[in-house]
Amino acid sequence: KFLVQDFDVLLATTKGNTLKHESVSTISTRHRKLQLLVEWADIVVFQGLLISENPWLADTEKILIADVYDPFHLEILEQRKEQGINNRLRGSRDTTDALNRQLRRADYFICASERQRSLWLGQLAAEGRVNPYTYDASADLRRLIDVVPFGISAKKPEKKNDPIRKLFPQIKSDDIVALWAGGIYDWLDPQVIVRAVKKLNNPKLKLVFMGLKHPNPEVPIMSSVLQLKELVQELGLTNSSVFFVENWINYDDRAQFLLSSDIGVSSHLEHIETEFSFRTRLLDHFWAGLPTVSTKGDALSEIIEKNKAGLAVEKGDIDGWVGALTQMITDENFRKNCSEGASKLSENYTWNKVLEPLYKFIKTATPSPDRLLMPDLLGESRFANPYLASFPRLTRSNLITAADLLKDKGVKAFAKKVIKKIIGRS
């Protein structure tokens with residue numbers, strides 16, 4: 001909506017689409033018809049597997065912006081941990097390849113945090129995209145990659161109803177509701193919170209998991225969901241202290257769940273995914289002024305602590321969760337202060353603020369300078385390193401030298417040099 005003020009924006013998906021928006025046109029297209037949309041556009045913003053599924057996109061002259069907010073090559077390490085080594089290696093290879101295809105081609109990249117930016121700068125450097133051309137365009141490389149995280153509405157949500165107590169009449173009006181406001185994935189750790197609830201044994205505390213079923217029907221139920229439900233059943237907490245909203249909650253309906261809760265909770269395991277994650281569900285906590293208890297280790301948990309918007313607990317620390325939840329339940333003033341801290345923090349993540357770098361780039365968009373000046377060396381068909389063309393010996397410096405020789409000395413001198421090189425290698 002922010003971009004619509006100055007640009008014609010079309011939101012397209014290769015999956016089914018029922019989304020309608022008052023300001024932005026939306027469309028569902030098959031891969032084979034995607035080319036018509038790309039021909040219409042001046043700039044294409046994409047994410048995920050789009051180039052892998054449509055390799056021709058890498059060779060288009062259109063300006064491509066890759067949103068690499070999701071380092072899914074790290075997620076797959078945890079997601080396939082229980083599978084055989086061949087499947088694990090294939091998953092790691094395929095996801096890394098999908099990301100590298102984007103890194104080799106896009107003109108501009110956006111990511112979710114400064115931590116992520118450091119990760120992607122390393123991977124971009126390995127792909128040769130950190131080079132004199134991109135450096136000269138902006139010495140801080142912000143013209144190549146910048147931070148554009150997920151955002152939230154500047155308009156605060158208003159409470160209209162209480163869907164939690166409507167779904168679960170066992171939850172009383174004076175109970176303290178702790179909300180897990182998102183899906184359950186294999187790299188997260190909801191079990192530690194459940195065990196803390198059991199250990200705390202406070203009948204006033206109700207833990208609600210919002211939306212077990214993934215909105216994408218192609219994504220199977222993850223093992224962590226089944227394991228969580230088994231644990232809750234085993235501990236005797238089902239529909240007494242712990243509650244599950246089975247179906248996915250629509251984005252527009254989430255505010256009522258947030259506003260009907262007293263605490264937001266989020267926990268993850270200790271692995272590399274955490275280091276570079278950006279839990280967008282925590283932004284909803286800020287938006288709704290919801291005090292948060294979160295596991296330490298990711299970028300947003302540090303921000304929560306720094307801005308006194310909640311508490312952060314060490315990974316896997318059941319007693320730490322018991323202590324944090326106890327403080328939230330018993331100290332109403334502390335909870336109120338955390339709520340105020342969360343609301344204030346939300347001001348940093350409104351769409352008009354987080355989209356500023358993207359807006360600025362689009363306003364002055366040009367192809368990445370290394371693509372503009374090395375057109376034959378970037379794209380789907382080129383060699384992995386942008387300084388190398390189809391033949392390993394044909395480097396960028398070779399091409400510059402050859403071009404200068406041809407210009408200054410003529411065709412004969414150029415041909416003589418080439419023959420000498422060939423003889424020298426034979």
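To be clear, the structure that these remarks concern was listed above.
Residues numbered from 1 in each chain as written. Predicted model: local features only at pLDDT ≥ 70, side-chain atom pairs only at ≥ 80, totals over all residues. Heavy atoms only, no water.

Draft legend 1. Expanded view of the sheet that holds strand β8 (residues 205-210). Read across the open sheet, the 6 strands follow the order β9-β8-β7-β10-β11-β12; overall the sheet is parallel. Lying at the two open borders of the sheet, with one neighbouring strand each, are β9 (242-245) and β12 (310-313). Strand-to-strand twist in this sheet, taken as the mean axis angle between neighbours without regard to direction, amounts to 20°. Two strands pair when backbone bridges link them, and strand β11 (residues 292-295) and β12 are joined in this way by 4 bridges, in the parallel orientation. The residue of β12 that forms the bridge with Thr 295 is Val 313. Across the sheet, helix α14 (residues 318-330) lies against β7 (176-180), β8, β10 (263-266), β11 and β12, angled at about 170° from β12, the strand it touches most. (Pairing = 2+ DSSP bridges. Helix = DSSP H or I, 4+ residues; strand = E, 2+ residues; numbered from the N terminus. Axes fitted to C-alpha atoms, helices over the stretch in contact; angles between N-to-C directions. Contact = heavy atoms within 4.5 Å.)

Draft legend 2. Up close: the packing of helix α3 (residues 72-79) against helix α4 (residues 85-105). Close contact between α3 and α4 brings their axes to 8 Å; oriented N to C, the two are set at 170°. Judged by the angle between their axes, α3 and α4 are roughly antiparallel. Within the contact between the two elements, α3 uses Phe 72, His 73, Ile 76 and Leu 77 and α4 uses Arg 88, Gly 91, Ser 92, Thr 95, Thr 96, Ala 98 and Leu 99. Partitioning the contact of α3 with α4 into residue classes produces 5 nonpolar, 5 polar and 1 charged. (Parallel < 35°, antiparallel > 145°, perpendicular 65-115°, else oblique. Nonpolar A, V, L, I, M, F, W, Y, C, P; charged D, E, K, R; others polar.)

Draft legend 3. Structural detail: the pattern of salt bridges. What the rule picks out here adds up to 18 salt bridges. The partner of Arg 105 in a salt bridge is Asp 107, and the shortest N-O contact between them spans 3.0 Å. Take Arg 105 and Asp 107: they sit in the same class, and that class is buried. For Asp 146, the salt bridge goes to Arg 142, with nearest N and O atoms at 2.8 Å. Judged by relative accessible area, which is 14%, Asp 146 ranks as buried. In the salt-bridge network here, residues are joined through shared partners; they are Glu 61, Arg 105, Asp 107 and Arg 371. (Salt bridge = Lys/Arg side-chain N within 4 Å of Asp/Glu carboxyl O. Buried < 20%, exposed > 50% of the residue type's maximum accessible area, 1.4 Å probe, protein only.)

Draft legend 4. Structural view of the packing of aromatic side chains. For the structure shown, the criterion picks out 8 aromatic pairs. Centroid distance Trp 180 to Phe 209: 5.5 Å. Interplanar angle 45°. Geometry classified as tilted. Of this pair, Trp 180 sits in strand β7 while Phe 209 sits in strand β8, placing them 29 residues apart in sequence. In terms of burial, Trp 180 and Phe 209 fall into one category: buried. Look at Tyr 185 and Trp 187: their rings are 5.4 Å apart centre to centre, the planes differ by 25°, and that puts the pair in the stacked class. (Phe/Tyr/Trp six-rings, centres within 6.5 Å; stacked < 30°, edge-to-face > 60°.)

Draft legend 5. Molecular detail of the environment of Lys 198. By the secondary structure assignment, Lys 198 is in helix α8 (residues 190-200). Apart from the residues within four sequence positions on either side, Lys 198 is in contact with Leu 235 and Leu 237.

Draft legend 6. Up close: the side chain of Gln 256. Within the secondary structure, Gln 256 is located in helix α10 (residues 254-259). Engagement of the side chain of Gln 256 in a polar contact is seen with the backbone nitrogen of Lys 160, the distance being 2.7 Å. With residues near it in sequence (within four places) discarded, Gln 256 still touches Glu 158, Lys 159, Lys 160, Asn 161 and Pro 163. (Polar contact = N/O pair within 3.5 Å; in protein donor to acceptor, adjacent residues only side chain to side chain.)

Draft legend 7. Highlighting the sheet that holds strand β3 (residues 43-46). With parallel pairing, the 4 strands of this open sheet are ordered in space as β3-β4-β5-β6. Since the sheet does not close on itself, it has two edges, and those belong to β3 and β6 (145-147), each with one partner. On average, each strand axis in the sheet is inclined to that of its neighbour by 20°, with strand direction left out of account. Pairing analysis gives 4 bridges linking β3 to strand β4 (residues 63-67), with the strands arranged parallel. Looking at β4, one finds that Phe 46 is bridged to Ala 66.

Draft legend 8. How the structure looks around the side chain of Ser 260. Following the sequence through the fold, Ser 260 ends up in the loop between α10 and β10. From its side chain, Ser 260 meets the backbone oxygen of Asn 161 in a polar contact 3.5 Å long. Separated by 3.3 Å, the side chains of Ser 260 and Asp 162 make a polar contact. For Ser 260, the contacting residues outside a window of four places in its chain are Lys 159, Asn 161, Asp 162, Pro 163, Ile 164, Arg 165 and Val 177.

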